[in-house]
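Fold and contact review
Letter by letter, the chains look like this.
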Amino acid sequence: EAGVAQSPRYKIIEKRQSVAFWCNPISGHATLYWYQQILGQGPKLLIQFQNNGVVDDSQLPKDRFSAERLKGVDSTLKIQPAKLEDSAVYLCASSLGGAGGSIYGYTFGSGTRLTVV
Amino acid sequence: QKEVEQNSGPLSVPEGAIASLNCTYSDRGSQSFFWYRQYSGKSPELIMFIYSNGDKEDGRFTAQLNKASQYVSLLIRDSQPSDSATYLCASPSKGDSSYKLIFGSGTRLLVRP
């Protein structure tokens, strides 16, 4: 079974620039998550999709972050404009959804390390 | 908002010792817990899941859940230098139709050769 694919692996941008990350979940996984992990901290949920609908985006800074999941499969996360404090690893994860998510946990992609200078 | 708390460490143990990692949680309704291992520069990988009170063993790993005291722990027997990593505790938070994992900040484990 192919894992969760993410790209790019690394990105360095200047503050106020924009950036986009891409995620392709495991086939058949209905639920897709984007997490932000700042160095030394645990992952923090930014947004959760169930198929192509948003389930939870309560911690997404909507003035600068946006995300979409087209056709319930791939997803993109965008930051515009970026701030220094956005420097972090952005992790995409997917799960079966429903009760499966609570039992089997999720599988994470390799992440995108963003550095804002 | 549910909270999951972990000591950031580092926890340093000699090779061959038992490493004990702890996690406390605020929501008495939490039913299950996950332990993820994260090597430096890598993404988290699932190593254990526990649902019931008591112990669950998988190889050198034992997860312990005590719902009355609201803590969950991970024991690593015969610790190896390759076990050096950050260990994240997580608990599912149920929404209307799906779950999300709430993570602790992680405990860094260092196993000394």
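It should be noted that the structure appears before, not after, this text.
As a starting point, this report considers the structure included with it. (Residues numbered from 1 in each chain as written. Chains lettered and ligands numbered in written order. Predicted model: local features only at pLDDT ≥ 70, side-chain atom pairs only at ≥ 80, totals over all residues. Heavy atoms only, no water.)

1. Examining the pattern of salt bridges
All names here are of chain B.
- In total, this model carries six salt bridges over all chains according to the counting rule given.
- Asp-83 is paired through a salt bridge with Arg-60; the nearest N and O atoms lie 2.9 Å apart. Residue Asp-83 is found in the loop between β8 (71-76) and β9 (85-94), and its partner Arg-60 is found in the loop between β6 (54-58) and β7 (61-66); the two are separated by 23 residues along the sequence.
- For Asp-83, a relative accessible area of 2% puts it in the buried group. (Salt bridge = Lys/Arg side-chain N within 4 Å of Asp/Glu carboxyl O. Helix = DSSP H or I, 4+ residues; strand = E, 2+ residues; numbered from the N terminus. Buried < 20%, exposed > 50% of the residue type's maximum accessible area, 1.4 Å probe, protein only.)

2. Comments concerning the state of the cysteines
- In this structure the tally under the stated criterion is two disulfides over all chains.
- There is a disulfide in this structure between A:Cys23 and A:Cys92, and the S-S distance comes to 1.9 Å. Measuring handedness by torsion sign, the sulfur bridge of A:Cys23 and A:Cys92 sits at about -70° and is left-handed. On the criterion of sequence distance, the pair formed by A:Cys23 in strand β3 (residues 19-24) and A:Cys92 in strand β9 (residues 88-95) is long-range, its members being 69 residues apart. In this pair, the class of A:Cys23 matches that of A:Cys92, namely buried.
- Put simply, B:Cys23 and B:Cys89 are joined by a disulfide, and their sulfur atoms are 2.2 Å apart. Around the S-S axis, the bridge from B:Cys23 to B:Cys89 shows a dihedral of about -75° and counts as left-handed. Of this pair, B:Cys23 sits in strand β3 (residues 19-25) while B:Cys89 sits in strand β9; the two residues are 66 residues apart in sequence, bridging distant segments of the chain.
- With relative accessibility at 1%, the residue B:Cys23 sits in the buried group.
- You can call B:Cys89 buried: its relative accessible area is 0%. (Disulfide = S-S within 2.5 Å.)

Function-wise, these values are silent; they only describe arrangement.
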